[in-house]
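# Fold and geometry: a report
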Amino acid sequence: DTAVSQTPKYLVTQMGNDKSIKCEQNLGHDTMYWYKQDSKKFLKIMFSYNNKELIINETVPNRFSPKSPDKAHLNLHINSLELGDSAVYFCASSSHFHGGDTEAFFGQGTRLTVV
Amino acid sequence: AQSVTQLGSHVSVSEGALVLLRCNYSSSVPPYLFWYVQYPNQGLQLLLKYTSAATLVKGINGFEAEFKKSETSFHLTKPSAHMSDAAEYFCAVSEVNTGFQKLVFGTGTRLLVSP
């Protein structure tokens, strides 16, 4: 049973389109994240939600809108896609813990290619 | 802000040789440090983490890392490389803000293992 699952795994779309990536975790975690991995493999956090509430928003363009219908799901909607949005997007989750040593569990990633 | 630096974007070793992947951190407070591995076309998997309990941390697949405060380092080692260790390795530091954490990743090191 996959702990953090993302769909789709691959997404190819044209510039200007709107697309969504879905993420679900069955670990019972309170906190979920979206990370972006660029073509040089650099990983950077985009958003974090805790119990459906936005906690971290790392200066991501407004075209990116996360939505958390419940604490097990965190979807990412992207409007007006641009070539520079091409990347691998990872969803992750962790238990809510103040100490900072909590392991994050990652999904398999969604490779988005904008043409 | 906390950060990590990984020296060497690529490390090549022969099967059976020692693996050494370098990570240096910058943090104004005692850090929580992680090593994650990413196999081709997969998500990230935790190898090990440092949480101040012990300076030598043992992880999965025979990997270990030693926290050295004087050198601000957290290098990853494995005595004998196996072909299956070929992957991308990421060092990360946990940044805690108002009780919630996010991972700040290094740029990654690709480990190549030759027969």
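Residues numbered from 1 in each chain as written. Chains lettered and ligands numbered in written order. Predicted model: local features only at pLDDT ≥ 70, side-chain atom pairs only at ≥ 80, totals over all residues. Heavy atoms only, no water.

### Focus: the interface of chain B and chain A
Opposite the 24 residues of chain B that make contact, chain A presents 28 residues. Considering only the surface of chain B that becomes buried against chain A, F100, Q101 and K102 of chain B emerge as the three largest contributors, covering 28% of it. Summed over the shared surface of chain B and chain A, the result is one salt bridge. For K102 of chain B, the salt bridge goes to E58 of chain A, with nearest N and O atoms at 2.7 Å. Viewed at the interface, chain A and chain B are joined by four residue pairs in polar contact (both at pLDDT 80 or more). Per element, the largest residue contribution to the side of chain B that touches chain A is five residues, and it comes from strand β11 (residues 100-105) of chain B. (Contact = heavy atoms within 4.5 Å. Buried area = accessible area lost by both parts, 1.4 Å probe. Salt bridge = Lys/Arg side-chain N within 4 Å of Asp/Glu carboxyl O. Polar contact = N/O pair within 3.5 Å; in protein donor to acceptor, adjacent residues only side chain to side chain. Helix = DSSP H or I, 4+ residues; strand = E, 2+ residues; numbered from the N terminus.)

### Examining the sheet that holds strand β7 (residues 64-70) of chain A
All names here are of chain A. Strand order across the open sheet formed by four strands is β1-β3-β8-β7, with antiparallel pairing between neighbours. Edge positions in the open sheet fall to β1 (4-7) and β7, since each of these has one partner strand only. Looking at each pair of strands side by side, their axes are set apart by 20° on average, direction ignored. When β7 meets strand β8 (residues 73-78), the two strands line up antiparallel, connected through five bridges. Within β8, the residue paired with F64 across the bridge is I78. (Pairing = 2+ DSSP bridges. Axes fitted to C-alpha atoms, helices over the stretch in contact; angles between N-to-C directions.)

### Things to note about the environment of E58 of chain A
Relative to the elements of secondary structure, E58 of chain A occurs in the loop between β6 (53-57) and β7. Between the C-alpha atoms of E58 of chain A and L112 of chain A, which are 54 residues apart in sequence, the distance is 20 Å. If we ignore the near neighbours within four places in the chain, the residues touching E58 of chain A are K44, I45 and M46 of chain A together with K102 of chain B. Within the local environment of E58 of chain A, its side chain forms a polar contact with the side chain of K102 of chain B, the two groups lying 2.7 Å apart.

### Let's talk about the pairing of β6 of chain A
Residues and elements named next belong to chain A. Note: strand β5 (residues 43-50) against β6, four bridges, orientation antiparallel. By the bridge assignment, S48 is partnered in β6 with I56. As consecutive antiparallel partners, β5 and β6 are separated by two residues, and within that stretch N51 has a phi angle of approximately 50°, a positive value.

### Let's talk about the confidence of the model for chain B
With 97% of its residues at a pLDDT of at least 70, chain B reaches an overall mean of 92. Highest mean pLDDT in chain B belongs to strand β3 (residues 19-21) of chain B (98); lowest belongs to β11 of chain B (85). (pLDDT = per-residue confidence, 0-100.)

### Comments concerning the nonpolar core
Among the nonpolar cores identified, the biggest contains 28 residues, and W35, L48, F74, L76 and Y89 of chain B are the most heavily contacted of them. Every element with two or more residues in this core is listed here: β2 (10-14), β3, β5 (33-38), β6 (44-50), β8 (64-68), β9 (73-78), β10 (87-97) and β12 (109-114) of chain B. In terms of residue count, the dominant contributor to this core is β10 of chain B (four residues). Beyond its immediate chain neighbours, meaning those up to four positions away, Y89 of chain B contacts Q6, L21, W35, Y36, V37, L47, F63, L76, G108, T109 and L111 of chain B. Counting 20 residues, the second-largest nonpolar core is a separate cluster that includes W34, I78, Y89 and C91 of chain A. (Core = buried A, V, L, I, M, F, W, Y, C linked by side-chain atoms within 4.5 Å. Buried < 20%, exposed > 50% of the residue type's maximum accessible area, 1.4 Å probe, protein only.)

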